[in-house]
Amino acid sequence: MTTARASLLLHAAAFCGLLWCAPSPAQQPASRLQEQYTHTAWSALDSAPVDILNITQTRDGWLWLAAGTGLYRFDGRQYERVDSVEGHALLSSNVRTLYAPPEGGLWVGYRTGGGISYFHNGQARHYAAGQGLPAGAITSIARGPDGALWVAARDGLARLDGDRFVTVGAEAGLPQRRARQVLFDRSGRQWVAMQGGIYSRADQRAPFRQAWPHGDLRGMALAPDGAVWASDVDSYYRMQPEAPAGGAAARPALSGTNMYYDRDGNMWLFRAGGMERRSAGSSEAGQQQDLSGGLPQSFFQDREGNVWIGTSAGLNRFRRNRLLTLPLQTIFNHPAIAPVNGGGVWAGDRAGALHALGPEGERRRVLSGHISALYRDPDGVLWAGNDDEVWSVDGGRVERYPLPPEARSYEVQAMSRAAGGGLWVSVVREGLYLLKDGQWQRQTALPLAAPATEDQFPICLADGGDGALWAGYIRNHIVRIANGKSTIFGVEQGVELGNVLTMHRHDKQLWAGGERGVAWFDGQRFVPLHGRKGETFRGVSGIALTAHGDLWLFGTEGLSRVSAEQVALTRRASGHEVEYERFDAHDGLLGAASQLRPMPSLVLGDDGLLWMATANRINWIDPSRITRNPVPPAVMVQGVAIGEQRYSPLPGLELPHATSSLRLDYTALSLGVPERVRFRYRLDGVDNDWQDPGTRRQAFYTNLDPGHYRFRVMAANEDGVWNPQEAQLAFSIPPTFIETIWFKLLCAIALGLMLWVAYRLRLQHVTNQLRRGLEDRADERERIARALHDTFLQSVQGLMLRVQTLLKRLPPGGEAYQLVEKILNQADEVLAEGREQVSGLRSVGAWQHDLPRLFSELGQKLREEHAADFALIVTGQLSALTDHAGEHLFHIGREALLNAFRHAGACRIELELGYGRDHVTLEVRDDGRGIPDDVLAAGELPGHWGLIGMRERAAKIDATLDLWCRFALGTVVQVRVPAAAAYQRRRGALRRWLLREAA
């Protein structure tokens, strides 16, 4: 056997002895209160009241504080000093004692001057000293088993009988001394602490007798076992109704100034400057807690289980942690953790000790080399590594493997079992090694896009379960190594994690966490996990899945839980935003998950507990037994603010005129974790759906119109328990005069008058323009008619007379005579046509109803002059046409008839005039020779204006003019005029009156 081998065996034997034979610590450290409770303190720096003498919680959820500076109420976030309750003023701001009965309301006992008040359902009852109520400060208020209210005051004891108090004194066996406290035990026995001693009676009809021990005792407390305790100044005695036989001397059992019990039976014992908590049924010393130097004076446990302690310096709250911290004397320095077979967790750090820990604390300690990484393989073998060696612990066998020479002084970063036996080991800067059969094999560096080769070592490792190894690197790379081949996953394959910090395989599913989020592998690529409202789960260095399928993530923002149902949803629908639950400092977590080493920072123990390591502490939680808050928070609207002006939420609230922007303040009375209370609200008439402001306790609205509104708000506690009873506030904004219906009506009338005046002015202007246009047109017609008659026609007539003179000189029957006679006949036609034009210029409005007659007369005349048949066809119901449409239709038809008779060489010519509901149709048909193709294509005959004039007239009346020739069938001219442009409309009475007025 070699010397090295012998040395190794000696080290292993020594290590085994330390590991399995190391004695348990002689005494477990007492758990501190802060490891089970989250302690929150408010002082004057937080605007909290000081010198808190009494605490209670009313049925609506408010926490009430009686302080030397006045009466306060607290919603968990903000303190509010009150000088009135439900609109009724206090008798004095110097309050001493509070009591909240189960049926609701608040009893307030005063210190200076005495007296007591009861506020309930908007009513107030005040009882002054001297009216059956003893004088002096009210020191205690309690209710008896029969429902009667008892009050202890400076000058005695009193009971509320109906509507007045009755003093209970010497007739009941009590001395005429100061009364300090009233208490009823489980059997119904009444105990009263008086100056000089404590008295009790089993029946209210019986007289009081002094209890034992005798002496000036005060501060009574009822223990869960039914025992009554009382103190003198700094010691507590167990009280008995009568002195024991034998006259034994009384001895104090506990030291303290005040004693209280919570609903779980735990004892809270006050001492100057601090307190002690003892677990129920325990006789050992309890957990000590400093109260920031304040003198503890009052105790209360609210309906959610939170413990409140008022001191001379402020208010303290103790809330049970969901994440429990191990009670250890050891202060870790970035511990590495791994599950212990059967339950618990291994923990080691750079300080050089390996610890076996359980929920109760440290189980045993193993002195060994310092540790940078821990790993338990699937066979239950524990592996540990540091900057010098790697060793394994398997039952009672320990084996050590020094690191290769080049890797010495560099810490082990991560470890994972290798397929076929062996261990994968990642060493900082040096890279990945395979330890197999006691030999180290260095793996070839991967071709990653890293600027420095010293960064190419895996941050985390995971066994793929199929013989493959998964390795996570910095700069967003994940590598799968199988059968000597490496597959690199980067951005193109969905990896968007930044530095990859941890990987975890559950069954066949691989999860990866990094500085920028979490992703899961679907067999081809990595799919990111998204939480609601854009949550990315940053800095996750620990991942675990429970037997129920819940996903747990430990990162920089705390411990997050994603239910199995949400995990299944995100795997079915990529991109689904999962609902999640967050555990952080409010739940007892001190610190955050490691971002470099050791990792993983979260492991699942064999006992089902989740263990997480921070920089110097180890926390645990039982996923199957998470404490929940079943109490829905009471929610209320606190008021409305407009600028600096605030308005109380009273029924029928009416805000000032011209209010357009406001702020609504609301709150919820959940005192455990008020920072996590969620709200949703809506303003009826403005919001179409519920708004989600998160934890904000204010709603802002702008651009509000006058009207009636109803604001509604709901709240949920830290566990998502919604209160189905929403708070409401109805308010109204009255309109200003310019916003009233009367002002709008006046504006509408004024606008109507303005429009009517503008219409009249416009109508008058248009009428004048039309009149001037008609007059100018008539004058122009008359001028042209006069010019034709006086010049052109007279000249033609004179020319014809000269031609007739010439005709008389020619011999009759000659060729010249016949030619001249023919010329005279044509001249007669021209003259007749000229007279017709003059007649047309002077006539206006002949075509409203006479259009068929005019076409008939024109056709018959042309028929007599030309050898062609003419037919007029009228269809539809004859209706009056506008002058404008009738005139243009007549001239278009006339031009078409003249062309047909003179140029078509037709045997038959027809004119069809159709009066339809939507159109007026004019169609001229002949069976003549037709129009040449070039003229038809051009739409005109050069030097002639007939076709052009027809089209221009059709355009003036929004008509369509179609012209086509049918082979061997002649020509068709068709005009279609819309009814709106052709027919005269029947004018209404108002229009006829306006036109008459305008005319």
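Residues numbered from 1 in each chain as written. Predicted model: local features only at pLDDT ≥ 70, side-chain atom pairs only at ≥ 80, totals over all residues. Heavy atoms only, no water.

Asks: How should I be thinking about the overall build of the protein in this particular structure?
Replies: Counting its secondary structure elements, the protein contains ten helices and 74 strands. For the protein, with 999 residues in total, the buried portion stands at 48%. Considering only contacts in the protein between residues 6 or more positions apart, those separated by 24 or more positions represent 53%. Here the protein has roughly 48,900 Å² of accessible surface; of this, 51% comes from carbon and sulfur atoms. Taken together, the 108 basic and 109 acidic charged side chains of the protein have centroids lying 3 Å from each other. (Helix = DSSP H or I, 4+ residues; strand = E, 2+ residues; numbered from the N terminus. Buried < 20%, exposed > 50% of the residue type's maximum accessible area, 1.4 Å probe, protein only. Contact = heavy atoms within 4.5 Å. Areas by Shrake-Rupley, 256 points an atom, 1.4 Å probe, with all protein chains shown as cover. Lys, Arg positive; Asp, Glu negative; His and termini not counted. Charge placed at Lys NZ, Arg CZ, Asp CG, Glu CD.)

Asks: What should I look at first to understand the pattern of salt bridges in this one?
Replies: A pair can form between side chains of opposite charge whenever their charged atoms are brought close. All chains considered together, the criterion is met by 50 salt bridges. Of the charged contacts in the structure, one is a salt bridge between Asp394 and Arg397, with a shortest N-O distance of 3.1 Å. Note on Arg397: relative accessible area 46%, which makes it partly exposed. The shortest N-O distance in the salt bridge between Arg628 and Glu581 comes to 2.2 Å. A residue pair is termed long-range when its members are at least 10 positions apart, and Arg628 in the loop between β60 (618–621) and β61 (634–642) and Glu581 in strand β57 (residues 581–583) qualify at 47 residues. Each of Arg322, Asp550, Arg561, Glu581, Asp584, Asp587, Arg628, Arg676 and Asp719 takes part in a single network of salt bridges with overlapping partners. (Salt bridge = Lys/Arg side-chain N within 4 Å of Asp/Glu carboxyl O.)

Asks: In this structure, what is going on with empty space enclosed by the protein? I would like to understand it.
Replies: In this approach the atoms are scanned with a rolling probe the size of a water molecule, which exposes any empty space left behind. Evaluated as defined, the whole model comprises four cavities of 30 Å³ or more. Approximately 70 Å³ is the volume attributed to the largest cavity. Together, eleven residues line the largest cavity, and Leu326, Leu328, Thr330, Asn616 and Arg617 are the ones closest to its centre. Among the residues forming the lining of the largest cavity, the class breakdown is five nonpolar, three polar and three charged. (1 Å grid on protein atoms, 1.4 Å probe; cavity = no way out; pocket = protein on both sides within 12 Å on 5 of 7 lines; lining within 4 Å. Points joined across faces, edges and corners; volume = space filled by probe spheres on them. Nonpolar A, V, L, I, M, F, W, Y, C, P; charged D, E, K, R; others polar.)

Asks: Just to check I follow, could you spell out the layout of surface pockets for this structure?
Replies: Empty space within the largest pocket amounts to approximately 1,900 Å³. Contributing to the lining of the largest pocket are 46 residues, with Asn54, Gln181, Met220, Tyr260 and Phe299 lying nearest its centre. Secondary structure elements with two or more residues in the lining of the largest pocket: β2 (52–57), β8 (95–99), β12 (138–143), β16 (179–184), β20 (218–222), β24 (258–261) and β28 (296–301). Per-element tally for the lining of the largest pocket: the top contributor is β28, with six residues.

Asks: I'm lost on the pairing of strand β59 (residues 610–613) in this one. Help?
Replies: In the case of a regular strand, side chains alternate between the two sheet surfaces. Residues of β59 alternate between two faces, with Leu610 and Met612 on one and Trp611 and Ala613 on the opposite face, all of them buried. Two strands pair when backbone bridges link them, and strand β58 (residues 602–604) and β59 are joined in this way by three bridges, in the antiparallel orientation. Bridging from a neighbouring strand, Leu604 pairs with Leu610 of β59. What sits between the antiparallel neighbours β58 and β59 is a turn of five residues, in which Gly608 has the positive phi angle 85°. Bridge count between β59 and β60: four bridges; the pairing is antiparallel. Bridged to Leu610 within β60 is Ile621. (Pairing = 2+ DSSP bridges.)

Asks: How should the packing of helix α6 (residues 883–903) against helix α8 (residues 946–956) be read in this particular structure?
Replies: A packed helix pair is summarised by two numbers, namely the angle formed by the two axes and the spacing between the axes. Taken N-terminus to C-terminus, the directions of α6 and α8 make an angle of 160°; their axes are 9 Å apart at the nearest point. Here α6 lies roughly antiparallel to α8, going by the angle between them. For the element pair α6 and α8, the recorded crossing hand is left-handed. Residue-level contacts link His884, His888, His891, Ile892, Glu895, Ala896 and Asn899 of α6 to Gly946, Met950, Arg953, Ala954 and Lys956 of α8. (Axes fitted to C-alpha atoms, helices over the stretch in contact; angles between N-to-C directions. Parallel < 35°, antiparallel > 145°, perpendicular 65-115°, else oblique. Left-handed = near helix turned anticlockwise from the far one by under 90°.)

Asks: So what exactly am I meant to see when it comes to the pairing of strand β5 (residues 79–82) here?
Replies: As paired elements, strand β4 (residues 70–74) and β5 share four bridges and run antiparallel to each other. Within the sheet, the bridge partner assigned to Tyr72 lies in β5 and is Arg81. Between β4 and the antiparallel strand that follows it, β5, lie four residues; Gly76 among them carries a positive phi value of about 100°.

Asks: Please explain the confidence of the model for the protein as it appears in this structure.
Replies: Low pLDDT means the predicted coordinates in that region are not meant to be read closely. Mean pLDDT for the protein: 87, with 91% of residues reaching 70 or above. The secondary structure element of the protein with the lowest average pLDDT is helix α1 (residues 3–21), at 38, and the one with the highest is strand β54 (residues 551–555), at 98. Counting contacts from residues 1–30, a segment whose pLDDT is below 50, to residues more than four positions away or on other chains yields 36 contacts. (pLDDT = per-residue confidence, 0-100.)

Asks: So what exactly am I meant to see when it comes to the sheet that holds strand β38 (residues 389–394) here?
Replies: By definition, the strands of a sheet pair up through backbone hydrogen bonds, in either a parallel or an antiparallel sense. Taken in spatial order, the four strands line up as β36-β37-β38-β39 in an open sheet, and their pairing is antiparallel. The sheet is open, and its two edges are formed by β36 (373–376) and β39 (397–402), each paired on a single side. On average, each strand axis in the sheet is inclined to that of its neighbour by 15°, with strand direction left out of account. As defined by bridge partners, strand β37 (residues 382–385) adjoins β38 across four bridges and the pair is classed as antiparallel. Looking across to β38, one finds that Leu382 is bridged to Val393.

Asks: Explanation requested: the packing of aromatic side chains in the structure shown.
Replies: Two numbers describe a pair of aromatic rings. These are the distance of the centres and the angle of the planes. Counted by the stated rule, this structure contains 34 aromatic pairs. Their ring planes at 90° and their centres at 6.0 Å tell us that Trp470 and Phe526 sit as a pair that is edge-to-face. Note that Trp470 is positioned in strand β45 (residues 469–473) and Phe526 in strand β51 (residues 526–528), a separation of 56 residues in sequence. Classification of Trp470 by relative accessible area gives buried; the value is 5%. When the ring of Phe855 is compared with that of Phe890, the centres are 5.5 Å apart and the planes differ by 35°; the resulting orientation is tilted. One end of the pair, Phe855, is in helix α5 (residues 851–865); the other, Phe890, is in helix α6, with 35 residues separating them in the sequence. An identical accessibility class is assigned to Phe855 and Phe890; each is buried. Every member of this aromatic cluster is reached through a ring pair, and the members are Tyr37, Tyr260, Trp268, Phe270, Phe299 and Phe318. One Lys or Arg, Arg400, reaches over the ring of Trp391 and ends 5.2 Å from the middle of that ring. Here the guanidinium or amino end of Arg571 rests over the ring plane of Trp520, the centre of that ring lying 5.8 Å away. (Phe/Tyr/Trp six-rings, centres within 6.5 Å; stacked < 30°, edge-to-face > 60°. Lys NZ or Arg CZ within 6 Å of the ring centre and 35° of its normal.)

Asks: Is there a simple way to think about the side chain of Thr667 in this case?
Replies: Secondary-structure assignment places Thr667 in strand β64 (residues 662–669). For Thr667, a relative accessible area of 0% puts it in the buried group. Among the polar contacts listed, one links the side chain of Thr667 to the side chain of Asp75, at a separation of 2.5 Å. Setting aside its immediate chain neighbours within four residues, Thr667 contacts Trp62, Asp75, Ala634, Val635, Met636, Gln638, Phe679 and Arg697. (Polar contact = N/O pair within 3.5 Å; in protein donor to acceptor, adjacent residues only side chain to side chain.)

Asks: Just checking my understanding: could you explain the state of the cysteines for this structure?
Replies: Taken as a whole and judged by the stated rule, the model has zero disulfides. The structure places no disulfide on Cys965, whose sulfur is separated from the nearest cysteine sulfur, that of Cys907, by 16 Å. (Disulfide = S-S within 2.5 Å.)

Asks: Just to check I follow, could you spell out the packing of α5 against α6 for this structure?
Replies: For the pair α5 and α6, interaxial distance at closest approach is 11 Å and the crossing angle is 20°. Taken as axis vectors, α5 and α6 run roughly parallel relative to one another. When you trace α5 past α6, the crossing you get is right-handed. From α5, Leu851, Leu854, Phe855, Leu858, Gly859, Leu862 and Arg863 reach across to α6, where they touch Gly886, Leu889, Phe890, Gly893, Arg894, Leu897, Leu898 and Phe901. Here the contact of α5 with α6 is composed, by residue class, of ten nonpolar, three polar and two charged.

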